[in-house]
Amino acid sequence: MSVSDFIRYTHPLRTIAMKMIFWKEFREQRLKVLLAAIVLFAVEVYGLGLHIDLQAENPQSFYGQSGLLTFSWLGCLLIGLAMALSQFLPEIYHRDHWATVLHLPVHRGKHILQRAAAGIFLCIVSMGIPLILAISLYFIPGVIAEPLTAKLPLGGMTDILFGITCYLATLHGILSSRGAFWRRGVAMGVMLPALVINVYLLWHTRDSLLQTAIWPIAIILLLGTACYGNALSQGASDNQPWFARAVNATLLPIALVIPVLLVSVTIVVIFALSTTHNTRSFWQPWREIPDYGYVRIRQRHENYKMKNEVIFKADGTTIKPTDDEAINLALSKRPLVIQAVCADLLNPEYGYNPYSLESDGYRNTDRYLRKIEFTAQDPQLLWYYIPDGKYFTGYDKKTRLIMGYMGKSGFVIKRSEVQPFERQDKLIVAASRCFMFNRFHIYEVNLNTRQVSLATASPKGNIVTVLPIYAFVDHDNTQFTDQYFFVFNDRIELNPSSTKPVIFRFDRELGEYRRLNISIGPMENNETNVYLHYSPTYIEPEQYYTSPDLVDKYDVKGVKTSSFTIPNARALPDELETRKNAAIPPFYLWASTLITPQFIMTPLALYRSNLWWHSEKLDLDDASGYIPSDYRDLISILLSGSLMLALIAWPIARRMGKSPLHTFGWMLNIYTFALAGFIAFLLSHKRGRKARCPQCGKNRSISTELCPHCKSPWPAPVRDGSEIFDEPATLALAEMSPSPASDPSQPENIAVS
Amino acid sequence: MTTPTPQSEQLQPQSDLAPASPVIEFRRVTKFYGKREVLRDVSLSIPQGCVYGLLGRNGQGKTTAIRILLGMEEATRGTASVFGEDSRRISPSTRARIGYLPEAHSVYGWMTVRENGQYRSSFFPGQWKQTIFDSVIAHFNLDLTQRANGLSRGQRAGLCLALTLAPEPDLLVLDDPALGLDPVARRSLLQSMLYVTRRANRSILFSSHVLADVERVADRIAILDRGVLRADCTLETFRNQLLHYILRFNGAPPSSGSPLPAFPGLLQATRRERDIAVTVANPDAETEKRFAEWGATSVEQAELTLEDAFIAYAGDRGGKSGGSLF
């Protein structure tokens, strides 16, 4: 359907046929719709965790639970897919039935649009009923602990929109199949705007786009791309003007990009990274140091045993922590385990992530504070708090009524009296205390006593972050304490709630280091030691061996007691060195680079290579043009991978009869889009079967009348003298040419039975 | 409700109508499915008001030709048009003038007979003739409240025909409508078809391999053989141009071990004890000379039924397949 057709299009509900189509689709699909709605509601209830919640004394369920959200979007996608298949597939693959449909005296696009409208309606019914029922659970007392806001159904509606988009994508895929004999792209025209609206909605509601949306988008684009390529390969653009063909040739690679990118990432993740030794960039091996036996630097997220842990001894050999030698070493010399409280102060995004009050999307489960920790201490109140923009809102979990607001000035009853926090404030919460902070101030928020106090202020704006401190429990476990570090760009303050905080000053020039860990060491004489661990290299598996780390040890009063060096691990055994170098097998690297579009991968590689990236928090200019050699190699491989595909395309395009300019354009396209562009190049040119020309003997397309080589037409069927034509069919008779075999003067022999 | 009483006597000889612009036109249509060539250079022109029988054995390209004509397949080469419109871009208004009955007699099985009619009628506002629908339904003794799933094959064909005829199309395209029907159902179907031909200037193209059906209704026939159009003529011409001879010999006829020389138009030769039965298309003066060359002492012309003629014509022929099949 063209744009002008669409504008002239009569509203479907006005036509009798539309009513009948709705009636027919509803009658045909009603049981399936009902079944889908029941199943979806059941899994959504399961996702809400009601089966667990019912055993609890107080309601804990809320609509932002990840189980509900996952089941919801996945269910909607499956319903959309199944609806399109159920609605059209049986007809299309029943050839004569589909022929009857195609022969109906209505515009085919209009007819499909009408049926798609009915299908969308049914999708909305099958997905919407569970959504309504799930929201209705709110009205059952003691089930949902969350107040109902207008924002809550939005996430479910976004899921429904996803389901509809998937329905349209599937519909488009079905209609583009050869059996459907359908190439009008109606569904594509509807699918793409739906997809755009969908993504916009997700983005606008600040959903975690990559986690929840990328796979549906990928599935939809994959379907769309498959049928789009199929349509092009069937000659869909044959009768279009040159600009339409150009648009087609451009759209297809773009549509191919995301699915292909996902495939490439999957290949890398499955094959390359899984075979990489020490894949986590934060992970550091145990190392033997002379004074302490050995040291292990733990990170916050390493609260579990890692596989293949080894201790690098000073002589370069390795042993496992469970080996007798290691145990004896631990018994004879006290091991030092540095428990990092922040992975990287100079790059705080690698550290403990504070919440942003702005991330208040439907799918963001973190917007619900860890209510258990707070409410458990004061069971009478049973409150929980939701950061609502610039202040906290307190609800009663049972009545779900708003009880008050908490801002900078503390707890108030009326909303108009609340003094909001700054927009850029961030919330850090662990154990039973939480802080709101930005560069200029840190507030401690006590939700139990409903008090807010200014913990510290920095007029110069040099506050970096607030760090919760872990208590080292045993080899594999840590837990939060009630203590925090306040981190400034020149010092750290411990125990900030006391009147006289302990201060640890940075004695080194931070600009010379790529990484700074603040760590709590083991208890010595019942005192905690604090370690500032400076790492001069950026943390990458192949990079952190290059120079030794420097550690300053402080006592709890903030006095530096000693410094030591953690030696580098350059003296790796040859075997490990080889393994390290072979972390990313060349084959898979090549495979991924061949299919990864240049216009995405090259900037990504440059970004990751730290060219465009530097720490903003400490205002340090550490974008020193540092490009690890791996990335230089990677970029070069990426470039050559695409280039190779582009070069392969040259002879193919020339053999297709394209002009040099046209060929060059395609090479550029392929270079930009890599394998996606190459596939588009192959698909967008209809390549009919060829046969040998009876005149000149060269191959020629069976779909053209004249041979491109000798300009002769295909010969007419051979006459054998038995043809019977009378007057009105003289045209047919005239076009049949005599052949030597049928020449009456040269009769064939005939056997008689 | 009036049951149609189709009577062939009431039919006007459609071929006598003045030649008008063709309703259907194939121009050098060739169709490949992969490497298989199912239609080759088919050119056919069907005038208005003509009942055309498209004949051929199974798999000779009849259905493909019809699907190309109605825009459900695309020809590899050549063009087809209907009512002057390119088959690839038939407008809805033109489709409304074409009644199409595919061979599988597909209807929505979960709908009742009445609901099938109501659903189809919604696509033909102002054109649907409920009286015709009801008449054909009554002719096939169908219960309006019965689900289509429960209909017999013949009843389902009747329902499909009713759905096809009710909009009173100017052109009726029937793809082997009697396929799989018992003789009674086939006769009913034919009667209904004959009923609709009473309307002046209505054209019908139907494919079949049942000669008796064709003989009853068709003005002209076209025969497809391995995708090639071999005949396009009136039934009378077909009968006249296809002759059967009994050649008698003094003594035994020539041995089957030594092949007889073929000649143009020779379709079939069957050796019996003392004679040879020969079927020839387009016989002329040269034909009897060739019989004489074979050594025949007498030549008798025998009666040939249309079915025999068709079998001789559309059956396997050595000259066409390149093999010796006689």
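Residues numbered from 1 in each chain as written. Chains lettered and ligands numbered in written order. Predicted model: local features only at pLDDT ≥ 70, side-chain atom pairs only at ≥ 80, totals over all residues. Heavy atoms only, no water.

A.B. asks: Would you mind showing me how to read the overall build of chain A here?
C.D. replies: Along the backbone of chain A there are 19 helices and 26 strands. Buried positions account for 51% of the 753 residues belonging to chain A. Taking the contacts inside chain A whose residues are at least 6 apart along the sequence as the reference set, 60% of them involve residues at least 24 apart. About 35400 Å² of surface is accessible on chain A, with carbon and sulfur atoms providing 61% of the total. (Helix = DSSP H or I, 4+ residues; strand = E, 2+ residues; numbered from the N terminus. Buried < 20%, exposed > 50% of the residue type's maximum accessible area, 1.4 Å probe, protein only. Contact = heavy atoms within 4.5 Å. Areas by Shrake-Rupley, 256 points an atom, 1.4 Å probe, with all protein chains shown as cover.)

A.B. asks: Explanation requested: the sheet that holds strand 13 (residues 266–271) of chain B in the structure shown.
C.D. replies: Strand pairing in a sheet relies on backbone hydrogen bonds, with the paired strands running either antiparallel or parallel. Residues and elements named next belong to chain B. Taken together, the four strands give an open sheet; going across it, the order is 13-14-11-15, and neighbouring strands pair in antiparallel fashion. Here the strands that pair on one side only, and so sit at the sheet edges, are strand 13 and strand 15 (298–302). Between one strand axis and the next, the sheet turns through 25 degrees on average, direction left out of account. Direction of pairing for strand 13 relative to strand 14 (residues 275–281): antiparallel, over a ladder of five bridges. The partner of alanine 269 across the bridge, within strand 14, is valine 278. The strands touched by helix 9 (residues 285–294) within the sheet are strand 11 (242–248), strand 13, strand 14 and strand 15, with strand 14 carrying the most contacts at an inclination of about 155 degrees. In the packing of helix 10 (residues 306–314) onto the sheet, the strands contacted are strand 11, strand 13 and strand 14, and the crossing angle to strand 13 comes to about 105 degrees. (Pairing = 2+ DSSP bridges. Axes fitted to C-alpha atoms, helices over the stretch in contact; angles between N-to-C directions.)

A.B. asks: Which parts of the structure should I look at to understand helix 1 (residues 62–69) of chain B?
C.D. replies: The α-helix winds at 3.6 residues per turn, so residues separated by three or four positions along the chain end up facing the same way. Residues and elements named next belong to chain B. Counted residue by residue, helix 1 has eight buried out of eight residues, so it is predominantly covered. Considered for burial, the residues of helix 1 that qualify are Lys62, Thr63, Thr64, Ala65, Ile66, Arg67, Ile68 and Leu69. Downstream of helix 1 by one or two residues, glycine 71 has phi in the positive range, about 80 degrees.

A.B. asks: Teacher, can you tell me more about the interface of chain A and chain B here?
C.D. replies: Bring the parts together and some accessible area is lost; that lost area is often taken as the interface size. Facing 60 residues of chain A, the contacting portion of chain B comprises 75 residues. Surface buried jointly by chain A and chain B totals about 6100 Å² across both partners, of which 58% is contributed by carbon and sulfur atoms. Counting across the interface, chain A meets chain B through three salt bridges. Put simply, arginine 230 of chain B and glutamate 723 of chain A hold a salt bridge, and the shortest N to O gap is 2.5 Å. Of all the secondary structure elements, the ones that give two or more residues to the side of chain A that touches chain B are helix 2 (16–48), helix 5 (95–102), helix 6 (108–136), strand 25 (724–725), helix 19 (730–735) and strand 26 (749–750) of chain A. (Buried area = accessible area lost by both parts, 1.4 Å probe. Salt bridge = Lys/Arg side-chain N within 4 Å of Asp/Glu carboxyl O.)

A.B. asks: Which parts of the structure should I look at to understand the packing of aromatic side chains?
C.D. replies: Any two aromatic rings considered together are summarised by their centre-to-centre distance and by the angle between their planes. Residues and elements named next belong to chain A. Applying the stated criterion across every chain yields a total of 15 aromatic pairs over all chains. A centroid spacing of 6.0 Å and a plane angle of 80 degrees characterise the contact between phenylalanine 392 and phenylalanine 421, whose relative ring orientation is edge-to-face. Remark: phenylalanine 421 occurs in the loop between strand 10 (410–412) and strand 11 (426–430) and phenylalanine 392 occurs in strand 8 (residues 391–396); sequence separation between them is 29 residues. The exposure classification of phenylalanine 392 matches that of phenylalanine 421, with both residues buried. Ring centres of phenylalanine 435 and phenylalanine 486 lie 5.4 Å apart, and the angle between their planes is 85 degrees; on these two criteria the pair is classed as edge-to-face. Taken together, the residues span a long stretch of sequence, with phenylalanine 435 in strand 12 (residues 433–437) and phenylalanine 486 in strand 16 (residues 478–488) at a distance of 51 residues. For phenylalanine 435, a relative accessible area of 0% puts it in the buried group. Judged by relative accessible area, phenylalanine 486 falls into the buried class, the value being 1%. Above the face of the phenylalanine 488 ring, arginine 491 is positioned so that its terminal group lies 3.8 Å from the ring centre. Above the plane of the ring of tryptophan 714 lies arginine 700, whose end atom (NZ or CZ) is 3.8 Å from the centre. (Phe/Tyr/Trp six-rings, centres within 6.5 Å; stacked < 30°, edge-to-face > 60°. Lys NZ or Arg CZ within 6 Å of the ring centre and 35° of its normal.)

A.B. asks: Explain the sheet that holds strand 3 (residues 51–55) of chain B here, please?
C.D. replies: Read from one edge to the other, the open sheet built from seven strands follows the order 25(A)-10(B)-9(B)-3(B)-8(B)-7(B)-6(B), with strand pairing classed as mixed. In this open sheet, the two strands that pair with only one neighbour each are strand 25 of chain A together with strand 6 (98–101) of chain B. Bridge count for strand 9 (residues 220–225) of chain B against strand 10 (residues 228–234) of chain B is six bridges, and the pairing is antiparallel. From the neighbouring strand, isoleucine 221 of chain B faces strand 10 of chain B, where its bridge partner is cysteine 233 of chain B. Taken strand by strand, helix 10 of chain B contacts strand 25 of chain A together with strand 3, strand 9 and strand 10 of chain B, and its axis lies near 35 degrees from that of strand 9 of chain B.

A.B. asks: What is the right way to read the pairing of strand 8 of chain A from this model?
C.D. replies: Walk down a regular strand and you will see the side chains alternate between the two sheet faces. Residue and element names in this part refer to chain A. Across the six residues of strand 8, six count as buried, placing the element largely inside the fold. Burial along strand 8 is two-sided: the face carrying Tyr391, Thr393 and Tyr395 and the face carrying Phe392, Gly394 and Asp396 are both buried. When strand 8 meets strand 9 (residues 402–407), the two strands line up antiparallel, connected through four bridges. Within the sheet, the bridge partner assigned to glycine 394 lies in strand 9 and is glycine 404.

A.B. asks: Can you help me understand helix 4 (residues 66–92) of chain A in this one?
C.D. replies: If you check helix 4 of chain A, its first and last C-alpha atoms are 38 Å apart, about what 27 residues at 1.5 Å a residue would give, namely 39 Å. At serine 86 of chain A, helix 4 of chain A shows its largest bend, some 30 degrees, and a proline, proline 90 of chain A, comes one to four positions later. (Expected span 1.5 Å × (residues − 1). Bend = angle between axes of the 7 residues up to and from the residue.)

A.B. asks: Just to check I follow, could you spell out the pattern of salt bridges for this structure?
C.D. replies: In the structure shown here, the tally under the stated rule is 27 salt bridges over all chains. The salt bridge involving lysine 129 of chain B is made with glutamate 168 of chain B; its shortest N-O contact spans 3.8 Å. Linking lysine 129 of chain B in the loop between helix 3 (113–121) and helix 4 (130–139) with glutamate 168 of chain B in the loop between helix 5 (153–165) and strand 7 (171–175), this pair joins segments that are 39 residues apart in sequence. Given a relative accessible area of 32%, lysine 129 of chain B falls into the partly exposed group. Because the salt bridges share partners, they merge into one network encompassing Lys24, Glu25, Glu28, Glu91 and Arg115 of chain A.

A.B. asks: Please explain the environment of tyrosine 395 of chain A as it appears in this structure.
C.D. replies: Residue placement: tyrosine 395 of chain A occurs in strand 8. The spacing of tyrosine 395 of chain A and glutamate 146 of chain A is 249 residues in sequence and 8.1 Å in space, taken between C-alpha atoms.

A.B. asks: So what exactly am I meant to see when it comes to the confidence of the model for chain B here?
C.D. replies: Residues and elements named next belong to chain B. Scored by pLDDT, chain B comes out at a mean of 80, with 86% of its residues at no less than 70. In the predicted structure, residues 1–19 sits below a pLDDT of 50 and forms 23 contacts with residues beyond four places in sequence or in another chain. Model confidence for the complex is summarised by a pTM of 0.69, with the ipTM given as 0.85. (pLDDT = per-residue confidence, 0-100.)

A.B. asks: Before we go on, may I ask you to explain the state of the cysteines in this structure?
C.D. replies: One covalent bond between the sulfur atoms of two cysteine residues makes up a disulfide. Residues and elements named next belong to chain A. All told, the structure shown has zero disulfides over all chains when counted by the stated rule. Just so you know, cysteine 693 is unpaired, no disulfide at all, and the nearest cysteine sulfur is the one on cysteine 710, 3.7 Å from it. Cysteine 693 sits in the buried class, given a relative accessible area of 2%. Summary of cysteine pairing: cysteine 696 is not part of a disulfide, and the nearest cysteine sulfur, belonging to cysteine 710, is at 3.7 Å. We classify cysteine 696 as partly exposed; its relative accessible area is 31%. (Disulfide = S-S within 2.5 Å.)

A.B. asks: I tried to follow the nonpolar core on my own but got confused; where do I start?
C.D. replies: Across soluble globular proteins, nonpolar side chains have a tendency to be buried as a group. Core analysis: the largest hydrophobic core is formed by 122 residues, its most contacted members being Tyr167 of chain A together with Leu159 and Phe238 of chain B. Leaving out residues up to four positions away in the same chain, leucine 159 of chain B has contacts with Val107, Val113, Asn116, Phe133, Ile137, Leu142, Ala148 and Leu151 of chain B. Membership of the second largest hydrophobic core comes to 16 residues, among which are Val464, Phe504, Phe506 and Tyr554 of chain A. (Core = buried A, V, L, I, M, F, W, Y, C linked by side-chain atoms within 4.5 Å.)

A.B. asks: How do you make sense of unusual backbone geometry when you look at a structure like this?
C.D. replies: Residues and elements named next belong to chain B. Here aspartate 176, not a glycine, exhibits a phi torsion of approximately 45 degrees, which is positive. By the element assignment, aspartate 176 lies in the loop between strand 7 and helix 6 (183–196). Despite not being glycine, asparagine 282 has its phi angle at roughly 50 degrees, a positive value. Mapping asparagine 282 onto the fold places it in the loop between strand 14 and helix 9.

A.B. asks: Help me understand the pairing of strand 3 of chain B, please; the structure alone is not making it clear to me.
C.D. replies: All names here are of chain B. Of all the five residues making up strand 3, five are buried; the element is thus mostly covered by neighbouring parts of the structure. Neither face of strand 3 is left uncovered, since the one carrying Val51, Gly53 and Leu55 and the one carrying Tyr52 and Leu54 both have all their residues buried. As defined by bridge partners, strand 3 adjoins strand 8 (residues 203–208) across five bridges and the pair is classed as parallel. The residue bridging leucine 54 from the neighbouring strand is serine 207, located in strand 8. Pairing between strand 3 and strand 9: four bridges, direction parallel.

A.B. asks: I keep staring at the packing of helix 4 of chain A against helix 6 of chain A and nothing clicks. Help me out?
C.D. replies: Any two packed helices are characterised by the angle at which their axes cross and by the distance between the axes. Residues and elements named next belong to chain A. Where helix 4 contacts helix 6, the two axes come as close as 10 Å, and the packing angle between them is 140 degrees. Along this stretch, helix 4 crosses helix 6, giving a crossing that reads as right-handed. Contacts from Cys76, Ile79, Gly80, Met83, Gln87, Phe88 and Glu91 of helix 4 reach helix 6 at Ile112, Arg115, Gly119, Leu122, Cys123, Ser126 and Met127. Of the residues in the contact of helix 4 with helix 6, the class split is eight nonpolar, four polar and two charged. (Left-handed = near helix turned anticlockwise from the far one by under 90°. Nonpolar A, V, L, I, M, F, W, Y, C, P; charged D, E, K, R; others polar.)

A.B. asks: Even after reading the chapter, I still don't get the environment of aspartate 396 of chain A, so can you show me in this structure?
C.D. replies: Secondary-structure assignment places aspartate 396 of chain A in strand 8. Distance in space between the C-alpha atoms of aspartate 396 of chain A and alanine 145 of chain A is 8.2 Å, their sequence separation being 251 residues.

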